[in-house]
There are 6 protein chains.
Amino acid sequence: MTHGNAPNTPRSTLVVTAHAGDFVWRAGGAIALAAARGEKVTIACLTYGERGESAKAWRAGKSLEEIKGIRRGEAEAAAAALGAEVVFFDAGDYPLTVTPELTDRLVAVYRAAQPDVVLTHPLDDPYNGDHPAAARMALDARVLAQAIGYPAEGEIIGAPPVFFFEPHQPEMCGFKPQVLLDISEVWETKRKAMECLAAQQHLWDYYTDLAVRRGVQLKRNAGPNLGLAHKTMAEAYMRPYPQVTGELA
Amino acid sequence: MTHGNAPNTPRSTLVVTAHAGDFVWRAGGAIALAAARGEKVTIACLTYGERGESAKAWRAGKSLEEIKGIRRGEAEAAAAALGAEVVFFDAGDYPLTVTPELTDRLVAVYRAAQPDVVLTHPLDDPYNGDHPAAARMALDARVLAQAIGYPAEGEIIGAPPVFFFEPHQPEMCGFKPQVLLDISEVWETKRKAMECLAAQQHLWDYYTDLAVRRGVQLKRNAGPNLGLAHKTMAEAYMRPYPQVTGELA
Amino acid sequence: MTHGNAPNTPRSTLVVTAHAGDFVWRAGGAIALAAARGEKVTIACLTYGERGESAKAWRAGKSLEEIKGIRRGEAEAAAAALGAEVVFFDAGDYPLTVTPELTDRLVAVYRAAQPDVVLTHPLDDPYNGDHPAAARMALDARVLAQAIGYPAEGEIIGAPPVFFFEPHQPEMCGFKPQVLLDISEVWETKRKAMECLAAQQHLWDYYTDLAVRRGVQLKRNAGPNLGLAHKTMAEAYMRPYPQVTGELA
Amino acid sequence: MTHGNAPNTPRSTLVVTAHAGDFVWRAGGAIALAAARGEKVTIACLTYGERGESAKAWRAGKSLEEIKGIRRGEAEAAAAALGAEVVFFDAGDYPLTVTPELTDRLVAVYRAAQPDVVLTHPLDDPYNGDHPAAARMALDARVLAQAIGYPAEGEIIGAPPVFFFEPHQPEMCGFKPQVLLDISEVWETKRKAMECLAAQQHLWDYYTDLAVRRGVQLKRNAGPNLGLAHKTMAEAYMRPYPQVTGELA
Amino acid sequence: MTHGNAPNTPRSTLVVTAHAGDFVWRAGGAIALAAARGEKVTIACLTYGERGESAKAWRAGKSLEEIKGIRRGEAEAAAAALGAEVVFFDAGDYPLTVTPELTDRLVAVYRAAQPDVVLTHPLDDPYNGDHPAAARMALDARVLAQAIGYPAEGEIIGAPPVFFFEPHQPEMCGFKPQVLLDISEVWETKRKAMECLAAQQHLWDYYTDLAVRRGVQLKRNAGPNLGLAHKTMAEAYMRPYPQVTGELA
Amino acid sequence: MTHGNAPNTPRSTLVVTAHAGDFVWRAGGAIALAAARGEKVTIACLTYGERGESAKAWRAGKSLEEIKGIRRGEAEAAAAALGAEVVFFDAGDYPLTVTPELTDRLVAVYRAAQPDVVLTHPLDDPYNGDHPAAARMALDARVLAQAIGYPAEGEIIGAPPVFFFEPHQPEMCGFKPQVLLDISEVWETKRKAMECLAAQQHLWDYYTDLAVRRGVQLKRNAGPNLGLAHKTMAEAYMRPYPQVTGELA
């Protein structure tokens, strides 16, 4: 295979999200871990969540552009705290609509990022249609970016594994944890990134509690001799494609 | 956690199967890989498959004891070829029945083996009820062996990951590959182990073709820069419990 | 929460359907019950069913406009019989297409109706793509109408419970009754509304039989001491969202 | 129908659980609510959880009988705190085995209790086989108790609705919340009952956090004008049988 | 293959049911069709339904033996009307329990009947555990009867296709019609057989309505040029195993 | 019913595929069988697969038009070998987009072909979004073509049965074989058609192995007395709609 990454290129992670805050609550630990290993992380943020996830600002009488600016600033600060780069598509939320144009823009990001790992939303969410729309385009663009015949700049990509991060109401979205990621060592970093999202302070403790809960489950599912810390923090993920490995573990 | 394996103990794999041939066709590659890494592999073989999987011998007029002996000899030869140890329970097949006694014997094997990894059948198989019966007992015994209050010899075990290996008609058993294991480097060993099963020669090519097919899928699902050989051979597995990990990959 | 309904406003039900007859066959009992309790019921009828559900009229050589008029008249008579108001969108059927514009028009209806309960089609129907299209837009518009940032007239709405009514071939549409509604006391009203749909006389007895059948199941699932009438008539519904309650019953 | 409950008999709830602590963590709120309404609640506790859920006591060197006594005492105190009566079957845990005899004892409890509501475990739990075993017998006994031909003491029962309470790892047990029960007004009572279970102090905060989380979801799924308190606490349930009702809400 | 049926033997159908009335309501049409084609039909009736499905007789004060006699007589008359032979196992209902002994008796029936087609209950029924128990044994015995090593009289059988007939509450049993069988030409025969079941007169019309309903669906799913009668009556079935065919139709 | 096919018209099969090669690998046997029976087979090929399935040609520096020409030529040769006619839509692949216009063109093909059988892709394929897009339009157009009110040329069609053919990674597409078609007698024809697709020579043996594997399963699921050849070759299909039949077999 003749993909774009040279042998010595650091590994690359691409995160595709619907709204400005999603990557923090749902994948902040995975992003911080990758950054801590010296890898590159690119966040493709399709909208600022300006209409659907900024109720407090609307009630305070802010304008649409002001709200976009606030959300952008918060997301940039959080990305910086995690060690990642964020790209804003400003595609408009509530509803975020699946279009060939937006998918094509994502193909270009895939070819530029040459990701080794892709993170995005699950494909079902009865509480927020923007999330499945983002996921649908993230998956479609990944397949198109693999095709030499698809007319876009850059080298084709391989078939990087995809991970769905956890939605707000997991059981209602068909979300069943298939991977439990130990984020204990970067927990403080994730918490700092959450605290960059000042408008959603009520979620700081909510997602701290979730990390504790997923940590309890991680320990419950860990094999022997793992030497886990007393308080393990974790994030949960699903895999839409099979894991490829050289060893069962 | 105070499980029985000392820090320097080599990793241990436990394979629980219904019939004498199952571990070869379905998990021979995983067993050979573990053995090649210097790990210990124990195969708990609940029956010889003497009634349900020995049609040729019955047609040739062999007695029940003769058939058991033939199957046992073949299985021992195949296990030796793979580098594993096999324990026969002689519990009687067709039907293999779930009982507390048999489950209890399996608990003892778990505590003795202190497995880091467990392999067994999937929980559904409309073509052969012995396979789900073996899987049910393998899962139940794993949970019981974790409890300090369960009255059995030996140290309690941790929560080793479980992998379901591939049944003969995967789509009819709800089998969806979640892990594709690259067995290219031990393929010749697996083929030799299959050839120990003289009575089922018609399956040698069948399972060689399956390994090619799963290898094609492995390459199709592999991330970039994996440097895969031209002809990759693979086995497919499912995970009933979430994967625990420190890195998404 | 500061939703639009004043404390003394009567409860409001919104029914979103694809074709002119759907609300009668599938939810006529629920509508009549709500009206009998003095509540307001608004039916958003996206098309007249002029192409896909008017075969008899086409065979009789009617024009498209004539057929629309006939279907509209029948639906208005049926709605009046049930005690409900019907709004026609005239969006064109066979196929009814999901569009942002049509969804936006539905948001306006939600904000005007401030529904306490929403009824619509299930999300799957391999026999008629218009039904899932209507349901998809009904659900999307409900979520958009909740967002203060969504640019539409009127007060935002809360999160009214949603009920899917029964399709023509329930088992083929993944329809599993989760709620059995006793419509015995309004059965005569529903029957009269059905008889307003003169063009589909063959369905009058069909849906009477269905109500008997669902009534038998209601009795089979009812707790003790319910004092059910000898001949209970019922309608079946699904809930895509969890029930919120202060008492298990 | 001529079931046993006289018209003025207070409503009756039957809770069938595998282990001594289950009714507190999983249904303590529902029990306290029913008791607060003056209803009768009977808890059928099939085992003390002496082997599988008493690791700390085993490590402290207690004997089997001592452990049973401790668990029994804790459960009685918790039941008293909630206002319920608990019946111990002492059927032996890890494994709890489905038998006709145990099912028959449950039939007698059903006929004596004449429940209007039944609570039990869900039918799947890959982490603890005792839970599905208890649920299986609870459901079987409920059906047998309805049959006049089944040879047991007492009046036959009706068809009381069944609710599955939430398991420890809901997503791994196929648990999808279908009912969210507001337990805010009895929260302090549930907390006190949890604190009766001294051996499992690490779970007090864990299940407090869960109640907060389910409360957040309750508010997210509640219709308008519900006047919910700022901090709503909730429990989640599933319904294996359809809800029977006279009004959609 | 050297199965027992000689080339000129008429085709054979085996029906395995839990209770005396099941074969009439659920498969009477299929049985009458086979008999009308000159084929042999054997009904293995595991119980008389004496405890769980004879409420009226119990209320009338009949004894257990009297009730068995009544049910047996009715079933024999119905089988005669359909043109089938019925074998009673008298295994005891409510609960019917899965045992190796009962399964073994079924193996003998399979080997004697050498069925070309097998009909039985679906594997799930939350309203009546006897039905899944009968189905489980019917499927297990079919597999055991195929094995030359299984110690039972008679020739081994092939792999006859299996059809699950329709339960009383299909949607609650996961029943999705996969085969719609046109029984119009034997409808009068089925109705007469139903009328042999005097104790359950309330079901005569219920199952007539069901046949009409399934007939409507049959016409809705039929290809062109089928020349269907105005009033088509039908029964619905599921296939747990794939259809084997030489032509797609 | 007054559909377009005169009584003596030969049966007609319509195959709707996304890319030029699909009909050969996935349904070549069914097509050859129909042609061998003297029936008419029409293949509606929505794209040439010019972008997504022609990597070798792109690497060789061919232009888009050259690649289309090559693929068209190969597909025409393969169709001729099978005895079918192919219609090219040239709708553009990677991505193939669902549009009302393309669906409408398919309606015209349905009305012209008056199919007795329809073959297309399954509705899920996480590796190639063009396949579900083609299937979605094939199913929608089939329903629209049935409606006398839909404005298109030609007679309305009936309700021909639909079969989904097998995707490349069946388990990942929710593909469970429901029909196993014996293609032994036309195997040589299918192989010749595959060999017309010179650019994909690596797939010739792959799909030969698949036919062997499905043949083994066919024999495993066949009833007695079928007189199957030693080496049976087969194709697998799913049915989205129920089978309509006059005999269970």
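Residues numbered from 1 in each chain as written. Chains lettered and ligands numbered in written order. Predicted model: local features only at pLDDT ≥ 70, side-chain atom pairs only at ≥ 80, totals over all residues. Heavy atoms only, no water.

## As for the packing of aromatic side chains
All names here are of chain A.
Right, on to step 1. According to the stated counting rule, one finds 30 aromatic pairs over all chains in the structure shown.
Right, on to step 2. One aromatic cluster is present, built from ring pairs that chain together W25, Y206 and Y207.
Right, on to step 3. Its end group placed over the ring of Y241, R142 keeps NZ or CZ at 4.4 Å from the ring centre. (Phe/Tyr/Trp six-rings, centres within 6.5 Å; stacked < 30°, edge-to-face > 60°. Lys NZ or Arg CZ within 6 Å of the ring centre and 35° of its normal.)

## Regarding the side chain of T17(A)
Residue and element names in this part refer to chain A.
Right, on to step 1. Tracing the chain through its elements places T17 in strand β1 (residues 12-17).
Right, on to step 2. From its side chain, T17 meets the backbone oxygen of H19 in a polar contact 3.4 Å long.
Right, on to step 3. Leaving out residues up to four positions away in the same chain, T17 has contacts with D22, F23, I43, A44, C45, L46, H121, A134 and F165. (Helix = DSSP H or I, 4+ residues; strand = E, 2+ residues; numbered from the N terminus. Polar contact = N/O pair within 3.5 Å; in protein donor to acceptor, adjacent residues only side chain to side chain. Contact = heavy atoms within 4.5 Å.)

## Things to note about the sheet that holds strand β4 (residues 117-120) of chain E
Right, on to step 1. What the eight strands build is an open sheet, ordered β3(E)-β2(E)-β1(E)-β4(E)-β5(E)-β7(E)-β6(E)-β8(F); its pairing is mixed. Each edge of the sheet is formed by a strand with only one pairing partner; in this case those strands are β3 (85-88) of chain E together with β8 (243-245) of chain F. Geometrically, the sheet is characterised by an average inter-axis angle of 25 degrees between neighbouring strands, direction not taken into account.
Right, on to step 2. Two strands pair when backbone bridges link them, and strand β2 (residues 40-45) of chain E and β3(E) are joined in this way by four bridges, in the parallel orientation. From the neighbouring strand, C45(E) faces β3(E), where its bridge partner is F88(E).
Right, on to step 3. Where helix α3 (residues 64-82) of chain E meets the sheet, it contacts β2 and β3 of chain E, and its direction lies at approximately 155 degrees from that of β3(E). (Pairing = 2+ DSSP bridges. Axes fitted to C-alpha atoms, helices over the stretch in contact; angles between N-to-C directions.)

## Quick word on the sheet that holds strand β4 (residues 117-120) of chain C
Right, on to step 1. Reading across from one edge, β3(C)-β2(C)-β1(C)-β4(C)-β5(C)-β7(C)-β6(C)-β8(D) is the order of the eight strands in this open sheet, with mixed pairing throughout. Sheet topology places β3 (85-88) of chain C together with β8 (243-245) of chain D at the edges, where each strand pairs with a single neighbour. Taking each pair of neighbouring strands and ignoring which way they run, the sheet shows an average axis angle of 25 degrees.
Right, on to step 2. With six bridges connecting them, strand β1 (residues 12-17) of chain C and strand β2 (residues 40-45) of chain C associate as parallel partners. The partner of L14(C) across the bridge, within β2(C), is T42(C).
Right, on to step 3. With respect to the sheet, helix α1 (residues 22-36) of chain C is in contact with β1, β2, β4, β5 (162-165), β6 (179-182) and β7 (234-238) of chain C, its orientation differing from that of β7(C) by roughly 100 degrees.
Right, on to step 4. In this fold helix α4 (residues 100-113) of chain C packs onto β1, β2 and β4 of chain C, with an angle of close to 165 degrees to the strand it touches most, β1(C).

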